[in-house]
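Fold and contact review
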Amino acid sequence: MGIRFVLMVNKQGQTRLAQYYEYLNIEERRTLEGEIVRKCLARNEQQCSFVEHRNYKVVYRRYASLFFLVGVDNEENELAILEFIHLLVETMDRHFGNVCELDIMFHLEKAHFMLEEMVMNGCIVETSKASILSPIQLMDKAA
């Protein structure tokens, strides 16, 4: 399948956005998020951005006050996922200006919509920033 989940977490470990592409009940999600977030936030900047946890490979990157964590299958290419994270941040930057935690909190539906335009059923389906943002811009015009 590829991507299993995408998390956006602040420096205190609070989840700001969570999107899962496989079924986990609420308790499993809470446990998984807590374990992964603690593991990733405890690492220093000299360590690589890849962590193995349970049956996932977690690729993460920090941008300002937000950590972007993506859980993938063990066969997935880590560098491609880092590139995906960067594309997601660039797309959000283009729409929000310099994206920050407050943008995600106050426009959660737009952040989810961008992610849904990029990833379908755990597979990356769109990488063009213009194509990702055009439906959002149309919705903004209509509002």
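Residues numbered from 1 in each chain as written. Predicted model: local features only at pLDDT ≥ 70, side-chain atom pairs only at ≥ 80, totals over all residues. Heavy atoms only, no water.

**A word on the packing of helix 2 (residues 78-96) against helix 4 (residues 108-118)**
As a reminder, the rule being used: Every axis corresponds to a line fitted to the C-alpha atoms, with the helix fit spanning only the stretch in contact, and the corresponding angles, defined between N-to-C directions, vary from 0 to 180 degrees. The way it works is that DSSP assigns letters per residue, a run of H or I at least four long becomes a helix, a run of E at least two long becomes a strand, and they are numbered from the N terminus. Working definition: roughly parallel below 35 degrees, roughly antiparallel above 145 degrees, roughly perpendicular at 65 to 115 degrees, and oblique for all remaining angles. Definitions for this section: a left-handed crossing has its near helix turned counterclockwise from the far helix by less than a right angle. A right-handed crossing has that turn clockwise. When checking whether two residues touch, look at their non-hydrogen atoms; a contact exists if any pair is within 4.5 Å. Residue classes follow a fixed rule: Ala, Val, Leu, Ile, Met, Phe, Trp, Tyr, Cys and Pro count as nonpolar, while Asp, Glu, Lys and Arg count as charged, and any other residue, Gly among them, counts as polar.
Where helix 2 contacts helix 4, the axes come no closer than 11 Å and their chain directions differ by 135 degrees. By the angle class used here, helix 2 and helix 4 are oblique. Remark: the crossing between helix 2 and helix 4 carries right-handed chirality. Between helix 2 and helix 4, the contacting residues are F84, L87, L88, T91, M92, H95 and F96 on the first element and K110, A111, M114, L115 and M118 on the second. Here the residues of the contact of helix 2 with helix 4 are counted per class, giving nine nonpolar, two polar and one charged.

**Some words on the sheet that holds strand 3 (residues 50-53)**
Strand pairing in a sheet relies on backbone hydrogen bonds. The paired strands run either parallel or antiparallel. Put simply, the test is: Any two strands between which DSSP finds at least two bridges are classified as paired.
Pairing is antiparallel across the open sheet formed by five strands, whose spatial order is 2-1-5-4-3. Here the strands that pair on one side only, and so sit at the sheet edges, are strand 2 (15-20) and strand 3. Across the sheet, the mean angle separating the axes of adjacent strands is 20 degrees when strand polarity is ignored. Sheet topology note: the strand 1 (residues 3-10)/strand 2 ladder contains five bridges and is antiparallel. Among the inter-strand pairings, V6 is bridged to a residue of strand 2, identified as Q19. In this fold helix 1 (residues 26-41) packs onto strand 1, strand 2, strand 3, strand 4 (56-63) and strand 5 (66-72), with an angle of close to 140 degrees to the strand it touches most, strand 3. Here helix 4 sits on the sheet in contact with strand 1 and strand 2, set at roughly 35 degrees to strand 2.

**Looking at the packing of aromatic side chains**
This is how the line gets drawn: Two rings from Phe, Tyr or Trp (for Trp, the six-membered ring) form a pair when their centres are within 6.5 Å of each other. A pair whose planes differ by under 30 degrees is stacked, one over 60 is edge-to-face, and the rest are tilted. Exposure classes here rest on a 1.4 Å probe applied to the protein chains alone. A residue is buried below 20% of its type maximum, exposed above 50%, and partly exposed in between.
For the coordinates displayed, the defined rule picks out three aromatic pairs. On the basis of an interplanar angle of 40 degrees and a centroid distance of 5.8 Å, the ring pair of F5 and Y20 is categorised as tilted. Taken together, the residues F5 in strand 1 and Y20 in strand 2 connect sequence positions 15 residues apart. Classification of F5 by relative accessible area gives buried; the value is 0%. Relative accessible area serves as the criterion here: at 9%, Y20 is assigned to the buried category.

**Regarding the environment of G71**
Among the secondary structure elements, G71 is positioned in strand 5. What G71 contacts, discounting residues up to four positions off in sequence, is G2, I3, R4, F5, K57 and V58.

**Focus: helix 2**
Filter applied, for reference: Every helix has an expected span of 1.5 Å times one less than the residues it contains. Pairs of N or O atoms are called polar contacts if they sit within 3.5 Å, as long as, within protein, a hydrogen donor faces a hydrogen acceptor (for residues adjacent in sequence, only side-chain-to-side-chain pairs).
Helix length check: helix 2, at 19 residues, gives a terminal C-alpha distance of 27 Å against a target of 27 Å (1.5 Å per residue), a fit within 8%. Where helix 2 is concerned, the buried positions are I81, L82, F84, I85, L87, L88, V89, T91, M92 and F96. Sitting at the amino-terminal end of helix 2 is N77, which places a side-chain oxygen 3.0 Å from the backbone nitrogen of L79. G97, located one to two residues past helix 2, shows a positive phi value of around 90 degrees.

**What to know about unusual backbone geometry**
Look at R54: it is not a glycine, yet its phi comes out positive at around 50 degrees. Position of R54 relative to the elements: it lies in the loop between strand 3 and strand 4. We classify R54 as exposed; its relative accessible area is 53%. At A64, a residue that is not glycine, the phi angle is positive and equals roughly 55 degrees. Summarising the element assignment, A64 is placed in the loop between strand 4 and strand 5.

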